[in-house]
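What follows is each chain in one-letter form.
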Amino acid sequence: MILVTGATGTIGGHVARLLTDRGVAFRGMSRNDLPNGVRADFTDPESLATAVAGVEAVFLVTVPPVPSAEHDIALVTAAKAAGVRKIVKLSAIGSGEPFDGTTVGGWHVAAEEAIAASGLAWTVLRPPSFASNFLQYRELIEASDPLPNVFGAARQPVVDPRDVAAVAVEALLDSAHDGRRYDVTGPELLTFNDQAAILERVLGRPVKTVDVDLRGQLASFGMPPEAIEQVSVGAAWASAGGTEYVTEHVSRILGRPASTFEQWARDHRAMFAAMR
Ligand SMILES: NC(=O)c1ccc[n+]([C@@H]2O[C@H](COP(=O)([O-])OP(=O)(O)OC[C@H]3O[C@@H](n4cnc5c(N)ncnc54)[C@H](OP(=O)(O)O)[C@@H]3O)[C@@H](O)[C@H]2O)c1
């Protein structure tokens, strides 16, 4: 039995679908009721104890409102008490890199360290920007408004979330990945404007961009200042070229090439068209 946290989210959703396809028993965790799921909240230890009961491996996704390792640590505590064998944690590229007098993804690193210190087996996945982040711009594209570019001309090895999920499933099912940290990247380096140009070609409609300041952008979403601070460090590191590298983990682990941004865009055309 596998526990998939974040089962209603981007990566956890794909992990759940892949486990279903492979006939692997799992329960999806959400703060709401799901078919065959478990209702639990990282802030509620009793609910976590129920979620991990009888589980062998956990796919761990946390998105605390203000970045902190607390949700990860709560899960680790429950998992250890329940005799879980392994945790596969979704982290982020660059976590732990020193930058501008601080640390990129400090909260992910604290969580990774707590998992390693627990004595449980683990695999850590550190992806860069997901191709699916562009789905949040559907309304802007529909309105022919420019998409906000917070990364300037920096290139990123944008990854298809389906590839991240597929690597996660291998890590959940195969102990050969125990104790490994993988930067799970896409196959090519693309700027934000490169991605917009690809989307424009695939959708057959204009996709323009405008350079914006990340802090102002996040504040306009109502993000708390402390969260803005932490999120901005990672983005500033990426903008300074920190993410300009590609790894072979997807092709090596899955035995097929990593999906391109163009492939992802083609496969999700209908989701953009659905706005019309
Ligand atoms: N987006 C990117 O480009 C990117 C790149 C690298 C790394 N990452 C990392 O990826 C992670 C996010 O993954 P994602 O995009 O797949 O997630 P997501 O789509 O944002 O979904 C978040 C999930 O977390 C669950 N959740 C939120 N608060 C919860 C709580 N208190 N208790 C229990 N469940 C809770 C939600 O479930 P319910 O609402 O159903 O309860 C939902 O399933 C983050 O850690 C981020 O740092 C993201």
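Calculation criteria
Residues numbered from 1 in each chain as written. Predicted model: local features only at pLDDT ≥ 70, side-chain atom pairs only at ≥ 80, totals over all residues. Heavy atoms only, no water. Pairing = 2+ DSSP bridges. Helix = DSSP H or I, 4+ residues; strand = E, 2+ residues; numbered from the N terminus. Axes fitted to C-alpha atoms, helices over the stretch in contact; angles between N-to-C directions. Contact = heavy atoms within 4.5 Å. Buried < 20%, exposed > 50% of the residue type's maximum accessible area, 1.4 Å probe, protein only. Arc of directions from axis to C-beta. Expected span 1.5 Å × (residues − 1).

Here's the deal with the sheet that holds strand E5 (residues 86-90)
Turning to step 1, where the next piece is worked out: On the basis of which strands lie adjacent, the open sheet formed by seven strands has the order E3-E2-E1-E4-E5-E8-E10 and parallel pairing. The two strands at the open ends of the sheet, each matched to only one other strand, are strand E3 (37-39) and strand E10 (180-182). Pairwise comparison of adjacent strand axes, ignoring direction, gives a mean angle of 20 degrees for this sheet.
Turning to step 2, where the next piece is worked out: Relative to E10, strand E8 (residues 121-125) runs parallel, the two being bridged by three bridges. Bridging across to E10, Leu125 finds its partner in Tyr182.
Turning to step 3, where the next piece is worked out: Against the sheet, helix H3 (residues 70-82) engages strand E1 (2-4), strand E4 (57-60) and E5, with an angle of about 170 degrees to E5.
Turning to step 4, where the next piece is worked out: In the packing of helix H4 (residues 106-117) onto the sheet, contacts are made with E4, E5, E8 and E10, and the angle to E5 comes to roughly 170 degrees.

Side note on helix H2 (residues 45-52)
Turning to step 1, where the next piece is worked out: Three or more residues of H2 are buried, namely Ser47, Leu48, Ala51 and Val52. All buried residues of H2 lie within an arc of 125 degrees about the axis, which places them on one face of the element.
Turning to step 2, where the next piece is worked out: Positive backbone phi, at 75 degrees, marks Gly54, one or two positions downstream of H2.

Some details on helix H1 (residues 10-22)
Turning to step 1, where the next piece is worked out: Between the first and last C-alpha of H1 there are 19 Å, a value that for 13 residues agrees with the 18 Å anticipated at 1.5 Å per step.
Turning to step 2, where the next piece is worked out: For H1, the complete set of buried residues consists of Ile11, Gly12, Gly13, His14, Val15, Ala16 and Leu19.
Turning to step 3, where the next piece is worked out: Those residues of H1 that are buried lie in contact with E1, strand E2 (26-30), E4, E5 and helix H6 (161-173).
Turning to step 4, where the next piece is worked out: Phi turns positive one or two residues past the end of H1, at Gly23, with a value near 70 degrees.

These results come straight from atomic positions and should not be treated as a statement about function.
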